[in-house]
Amino acid sequence: MKRVLLASLLTLAMVPTSYAASAKCGETPLAEIMGDMKKTMKSLKPALAKGQADEIAQLAGKLESLAEKSIDYIPLKISETKQLNPKQKAQFTKYQEGMKKLASVAKELASAKDDKTRKDLAKQIGKINKQGHRAFKMKCD
Ligand code: HEM
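Per chain, residue numbering runs from 1 following the sequence as it is written. In keeping with the predicted nature of the model, local features appear solely for residues at pLDDT of at least 70, side-chain atom pairs appear and are counted solely at 80 or more, and the whole-chain, interface and lining totals rest on all residues.

The name given to the chain in an unreviewed UniProt entry is Cytochrome b562, with Catenovulum maritimum as the source organism. UniProt positions are given in the numbering used here, feature names are shortened, and annotations may be inferred rather than shown by experiment. Recorded in UniProt for the chain, the comment headed Sequence similarities (unreviewed entry) runs: "Belongs to the cytochrome b562 family."

Thoughts on the overall build of the chain
By definition, any uninterrupted DSSP run of H or I lasting at least four residues is a helix, any uninterrupted run of E lasting at least two residues is a strand, and each is numbered from the N terminus. Helix and strand counts for the chain come out as five helices and zero strands. Going residue by residue from the N terminus, the α and β elements of the chain occur as α-α-α-α-α. Exposure classification rests on a simple neighbour count of other C-beta atoms within 10 Å of a residue's own: a residue reaching 20 or more is buried, one at 12 or fewer is exposed, and one in between is partly exposed. C-beta atoms are placed from the backbone. In the chain, which comprises 141 residues, the share counted as buried stands at 16%.

Some points on the environment of Gln88
Within the element layout of this structure, Gln88 appears in helix α4 (residues 86-110). By C-beta crowding, Gln88 is classed as partly exposed, having 15 other C-beta atoms within 10 Å. Along the chain, Gln88 and Ile78 lie 10 residues apart, while their C-alpha atoms are 6.0 Å from each other. Apart from the residues lying within four places of it in its own chain, the contact partners of Gln88 are Ile78 and Ser79. C-beta atoms are first placed from the backbone for all residues, and any pair lying within 7 Å is then listed as a contact.

Overview of the nonpolar core
Counting 16 residues, the largest nonpolar core has Ala106 and Leu109 as the members making the most contacts within it. Taken together, the elements giving at least two residues each to this core come down to α3 (53-70), α4 and α5 (115-136). In this view, Ala106 contacts Ala60, Leu63, Glu64, Ala67 and Ile125; residues no more than four positions away in its chain are not counted. A set of buried Ala, Val, Leu, Ile, Met, Phe, Trp, Tyr and Cys residues, joined to one another through C-beta atoms within 7 Å, is what we call a nonpolar core.

A look at the site of the ligand
Defining nearness, a residue is near a molecule or strand when the C-beta atom obtained from its backbone falls within 6 Å of it. Around the ligand, 24 residues are found, and the nearest of them are Thr28, Met34, Pro75, Gly98 and Gly132. Counting residues per element, the shell around the ligand draws most heavily on helix α2 (residues 29-50), which supplies seven residues. Each residue belonging to the shell around the ligand can be placed in one class, and the counts come to 14 nonpolar, seven polar and three charged. Residues are grouped as follows: nonpolar covers Ala, Val, Leu, Ile, Met, Phe, Trp, Tyr, Cys and Pro; charged covers Asp, Glu, Lys and Arg; every other residue, Gly included, is treated as polar.

So, the packing of α4 against α5
Direction vectors running N to C along α4 and α5 enclose 165 degrees, while the axes themselves pass 10 Å from each other. Regarding the angle of α4 to α5, the classification is roughly antiparallel. The two elements α4 and α5 cross, and the hand of that crossing is left-handed. In this structure, α4 contributes Lys94, Tyr95, Gly98, Lys101, Leu102, Val105, Ala106, Glu108 and Leu109 to the contact, and α5 contributes Arg118, Leu121, Ala122, Gln124, Ile125, Ile128, Gln131, Gly132, Ala135 and Phe136. Partitioning the contact of α4 with α5 into residue classes produces 11 nonpolar, four polar and four charged. Interaxial angle, 0 to 180 degrees, is taken between N-to-C directions of lines fitted to C-alpha atoms, where a helix line uses only the stretch in contact. Orientation labels follow simple angle bins: below 35 degrees gives roughly parallel, above 145 gives roughly antiparallel, 65 to 115 gives roughly perpendicular, and whatever is left gives oblique. With the far helix as reference, a near helix turned anticlockwise by less than a right angle produces a left-handed crossing, and one turned clockwise produces a right-handed crossing.

Brief notes about α3
When the terminal C-alpha atoms of α3 are compared, their 26 Å separation across 18 residues agrees well with the 26 Å that a helix rising 1.5 Å per residue should span. The complete set of buried residues in α3 reads Ile56, Leu59, Ala60, Leu63, Glu64, Leu66, Ala67 and Ser70. Along the axis of α3, the buried positions cluster into a sector of 165 degrees, meaning they face one direction only. Buried residues belonging to α3 abut α2, α4 and α5. By definition here, a helix of n residues has an expected span of 1.5 Å times n minus one. To be clear, the arc concerns the directions from the helix axis to the C-beta atoms.

Listed below in C-alpha cells is the structure:
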C-alpha cells in the first residue's frame, strides 16, 4: 500500500513539470502580444473610416511598440527553445525583418498627414500581417 501511495505521489509530482516543458500553440508570450495587436487593429479600422487622425496616431504608435516588442520572441514554428541551428537562425532573421517592417510602417502611419496615405499604409500592414502569418505562424489544432 505504501508503495502504491508513493508511486502515485511521484506521478502527481511529475505532472506539472512535464506540462511546463512544452510550449503550447496559441499560448506563448508572442501569441499574447499578437492578441494585443489584433485588438489594436480592430480599433484602428473604424478610426480610419472616420478619419480620426489623433486616434489613428495613438493606435499606430501602440502597434509600432507591439511590433518592436515581438522582435525578440522566437515563433513556435521555428523553435520551442532558444538554441537555434543555422537554418532556424536564418528563419528567425527573416521573421525579425518582417516585424521590423511592421514597426516601420506603423510608425509612418502614426505621422501620416492625409486620409489616402493612412489608408494605403493600413493596407500595407494587412499585407505584412498575411505574409508574416503564412511564413511563421503555426496552425494550432
Ligand atoms: C497587424 C499585424 C498582426 C496582427 C493583428 C496579428 C495577429 C495575430 C494573432 C491574432 C495571432 C494568434 C494568437 C493566438 O493564437 O492567440 C497571431 C499569431 C502569430 N503571429 Fe501575428 N499578427 C500580426 C502580424 C504578424 C507579423 C508581421 C508576423 C511575423 C513577421 C506575425 C507572426 C505571428 C506568429 C509567429 C504567430 C504565432 C505565435 C507563436 O509562434 O508563438 N504576426 N498573430
